[in-house]
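Chain and residue survey
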Amino acid sequence: MTLRTTGNHPAEMRIEQGASIAVDPGSSIALAFNSRLWMDGVLSAPGGDISLEHIDSNFSIYGPNDVIWLGRNAVLDVSGVALMQPSAVGLRTGEVMEGGTVALRTQRGYVIAEAGSRIDVSGASATLDLPRIGGGYRAQVVSSDAGTIDIAAAEGAILAGTL
């Protein structure tokens, strides 16, 4: 899912407290804007990707509103997830997806994450019934890797939130 501001004038994008955008596991959320992003809601893409990107729209000079700002209630969650698919005979089968990627990029300006904001790229774990050599199954905890956080800020970053 992609949301983008357009036009020849700076346009602010706001995701207010209480707002939520959630997509299916392995999917992506991309927000692209040409001035300021105020983010105080929840973006959730389990095992997927979230990209917040300040794009240069022919505004050649830095402006004080050129910022990705994560408020104290902001949550960017791409944590891994266990997708369980019980078998017809009652076995616990499925997939354990690793954490995804959160990218915060500004071509001009800052990235600010207030205390209380949270970026979650943690892995997941689940108990699955795995085949044994010689036949049968045994319960085994299967875990996945954490994802990545990519922050690129032209002027600087203040990261007081939880990563």
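Our structure's up above, just so we're on the same page.
A short tour of the structure in this document, coming up. Everything numeric in this text was worked out from a predicted model, so none of it was measured. (Residues numbered from 1 in each chain as written. Predicted model: local features only at pLDDT ≥ 70, side-chain atom pairs only at ≥ 80, totals over all residues. Heavy atoms only, no water.)

Let us look at the side chain of aspartate 40. Assignment of secondary structure puts aspartate 40 in the loop between β5 (36-39) and β6 (42-44). Summary of buried charges: aspartate 40 has no salt-bridge partner, and the nearest side chain of opposite charge, arginine 72, is 5.4 Å away. Setting aside anything within four residues of it in sequence, one finds aspartate 40 in contact with Ile15, Glu16, Gln17, Gly18, Gly71, Arg72, Asn73 and Ala74. (Helix = DSSP H or I, 4+ residues; strand = E, 2+ residues; numbered from the N terminus. Buried < 20%, exposed > 50% of the residue type's maximum accessible area, 1.4 Å probe, protein only. Lys, Arg positive; Asp, Glu negative; His and termini not counted. Salt bridge = Lys/Arg side-chain N within 4 Å of Asp/Glu carboxyl O. Contact = heavy atoms within 4.5 Å.)

Before going further, it helps to examine the sheet that holds strand β8 (residues 67-70). Overall, parallel pairing links the five strands, which are arranged β2-β5-β8-β13-β18 in an open sheet. Single-partner strands in this sheet number two, and they are β2 (13-15) and β18 (156-159). Here the average twist between neighbouring strands, direction ignored, is 5°. Summarising the sheet, β5 and β8 pair through four bridges and their orientation is parallel. Bridged to arginine 36 within β8 is valine 67. (Pairing = 2+ DSSP bridges. Axes fitted to C-alpha atoms, helices over the stretch in contact; angles between N-to-C directions.)

By the bridge criterion, six bridges tie strand β4 (residues 28-33) to strand β7 (residues 49-54) in an arrangement that is parallel. Bridge pairing in β7 places alanine 32 opposite glutamate 53.

A word on the environment of alanine 115. Residue position: alanine 115 is located in the loop between β13 (110-113) and β14 (118-120). Remark: the alpha-carbon pair of alanine 115 and isoleucine 50, spanning 65 residues in sequence, is separated by 20 Å.

What follows deals with the sheet that holds β6. In space, the four strands of this open sheet follow the order β3-β6-β9-β14, with parallel pairing throughout. Edge strands, defined here as strands with exactly one partner in the open sheet, are β3 (20-22) and β14. Strand-to-strand twist in this sheet, taken as the mean axis angle between neighbours without regard to direction, amounts to 0°. Relative to β14, strand β9 (residues 75-77) is paired through three bridges, and the arrangement is parallel. Directly across from valine 75, in β14, lies its bridge partner arginine 118.

Of all hydrophobic cores here, the largest spans 24 residues; its most connected members are Leu43, Ile50, Leu52, Leu70, Leu76 and Leu104. Considering every element that reaches this core, the biggest residue donor is β4, with three residues. (Core = buried A, V, L, I, M, F, W, Y, C linked by side-chain atoms within 4.5 Å.)

This part takes up the pattern of salt bridges. Across all of its chains, the model carries five salt bridges by this definition. A salt bridge links glutamate 16 to arginine 14; its shortest N-O distance comes to 2.6 Å. For glutamate 16, a relative accessible area of 37% translates into the label partly exposed. Using a relative accessible area of 41% as the deciding quantity, one classes arginine 14 as partly exposed.

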